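# Remarks on the overall topology
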Amino acid sequence: MTPFDSRTVLRPALAAALCLMGGSAAAATCGGAPRLAVTTPTGFCAGIIGQGFKFARGVQPMLDGSVLVVDLGGWQKNQGSVWLLKPGAGGFQKTLLMKKIDRPNGIVLGPDGLVYVGAIKRVFRFDPRDPEGSSKDVIGGNSGTPGLPGIGRHPLTAMRFDAKGDLYVNVGSGSDHCEDKNGKAPDPAKPCLEASGANALGVLRKYTMQWPAGTVKSWEVHATGLRNSMALAVHPTTQAVWQGENSRDAIQVAMKGLKNDNDLPHDELNLIEAKANYGWPYCYDNNVASPEYPDAKCAAYRAPVRLLPAHAAPLGMTFYTGDMFPAQYKNSLIVGYHGYRAHGRRLVAFLPDAQGAPLGKMIELISDWGAKPNQAPGAPVDVKQGPDGAIYVVEDHSGRVLRLQYAFPVPDPAKSAPGK
């Protein structure tokens, strides 16, 4: 892939944004797009660059300024699609590229410049210039590599490439806390069968890739005890894989005296290490035994490095490496909280600590995202950085595609005049 200088793309975008902020249209627009009615830090705004999608779940900004969008289509089979949003004088124009895909969710740009999409039981790739003609299975389908399980409570596929070009793919758990299909709690004296073995659920798989062919050389279960790894990101300097864990539901059913699960258990931010077990379904929070497994030896499992709000539901995240945002955001982890309860419906940034890990101060980039007159509530899913340095977000419930951007504050001539 040809390297690019994000500053050359950024300058015209900032210029446009500055003009808008200085004019009467600023209240209604953001970078030329309709402004989303939400709260953002000073200098930020969120613009709606696409809408009308049925169940938007994946977003991938491209180097030419266009944006690819994956639409799940709903939970029925083969209703999914992939779309192109292409910028033009009248805003982004929407074009259908592919349809009748089985519940597509994840989308990433590969080291070869091709686009990789995660669907039920498979991952395929295509060239946006010839979507149908270039489509080829990479995992599952006719690829020769066994397909993903794609079963149970969390069948959707999310994925990320690391700096070596290897592919990490989530395999969500088939249950909430290893209960059976009738909701009966597991036997605490026995291991959770779905979380065990070579085809375990609730794990993160690693696929070692061969380049330039873009085929799978081998695969393995990389980390276990992860209920649902929909949010994945690779640190830009350490290349470590980070995961946002969607923790269990209904813990109050098994905990006497707990009225509801609004604040328990917490979702998690995990630093992924090879062969580590992160405790699902035996433990939650900072290695606390689950009520169904009261005798679990939780010290044997890897604890989260940061607890997130309960039911925040992180479904997408990315490390910020652009130049558009203020310097404090460099290498911060930007996470979308999809949850519909009190802690959800927001986009947050975890600033880096002294070691560069996303364990510093949390800043809300988008909040007050509830329902408003003529505006559906927020439900962010995928979160990606574009080559312009803006952050692109898709929302599944509203069908919107957003661009979060920052423009340097416009100086007030009166305040900058001599003697002022």
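Rules used in this analysis
- Every chain's residues receive numbers from 1 upward, in the order its sequence appears when written.
- At least 70 in pLDDT is required for a residue's local features to be given in this predicted model, at least 80 for side-chain atom pairs to be given and counted, and no such filter applies to totals for whole chains, interfaces and linings, which use all residues.
- Note: side-chain values were computed over all heavy atoms of the structure, leaving out hydrogens and water.
- A pair of strands is labelled paired if DSSP reports no fewer than 2 bridges between them.
- Helix numbers and strand numbers start at the N terminus; a helix is a DSSP run of H or I with at least 4 residues, a strand a run of E with at least 2.
- For helices, the fitted line uses only the C-alpha atoms of the stretch in contact; every axis is such a line through C-alpha atoms, and the angle between N-to-C directions lies from 0 to 180 degrees.
- Buried and open spaces are told apart on a 1 Å grid over the protein atoms alone, a cavity being a set of points where a 1.4 Å probe fits but cannot get out and a pocket being an open set with protein on both sides within 12 Å along at least five of seven lines. Residues with an atom within 4 Å of a point are the lining residues.
- Grid points are joined across faces, edges and corners, and a volume is the space filled by probe spheres set on the points.
- UniProt positions are given in the numbering used here, feature names are shortened, and annotations may be inferred rather than shown by experiment.
- Centres within 6.5 Å are what make two rings of Phe, Tyr or Trp a pair, Trp counting through its six-membered ring; a difference in plane orientation under 30 degrees is then read as stacked, over 60 as edge-to-face, and the rest as tilted.
- The buried label applies to any residue whose accessible area, calculated with a 1.4 Å probe on protein chains only, is under 20% of its type's maximum; exposed applies above 50%, and partly exposed to all values in between.

On to the sheet that holds strand 15 (residues 215-224), then. With antiparallel pairing, four strands are arranged side by side in an open sheet as 12-13-14-15. Every other strand in the sheet has two partners, leaving strand 12 (159-161) and strand 15 as the edge strands with one partner each. Recorded for the sheet is a direction-independent mean angle of 20° between the axes of neighbouring strands.

There is about 580 Å³ of room inside the second largest pocket. If you go around the second largest pocket, you meet 23 residues; those closest to its centre are H154, N246, A313, L315 and H338.

Feature annotation in UniProt places "domain: Glucose/Sorbosone dehydrogenase" (unreviewed entry) on residues 216-403, given in this structure's numbering. Between the end C-alpha atoms of residues 216-403 there is a gap of 34 Å, over a span that is 0% helix and 35% strand.

Aromatic ring pairs are described here by two measures, namely the spacing of the ring centres and the angle between the planes. Tallying each qualifying case throughout the model produces 14 aromatic pairs. Relative to Y329, the ring of F44 lies with its centre 5.6 Å away and its plane at 75°, an arrangement referred to as edge-to-face. With F44 in strand 3 (residues 44-50) and Y329 in the loop between strand 22 (314-319) and strand 23 (333-337), this residue pair connects regions lying 285 residues apart in the sequence. You'll find F44 and Y329 in the same group, each marked buried. Where F325 meets Y329, the ring centres are 6.0 Å apart and the plane angle is 80°; that geometry is what we call edge-to-face.

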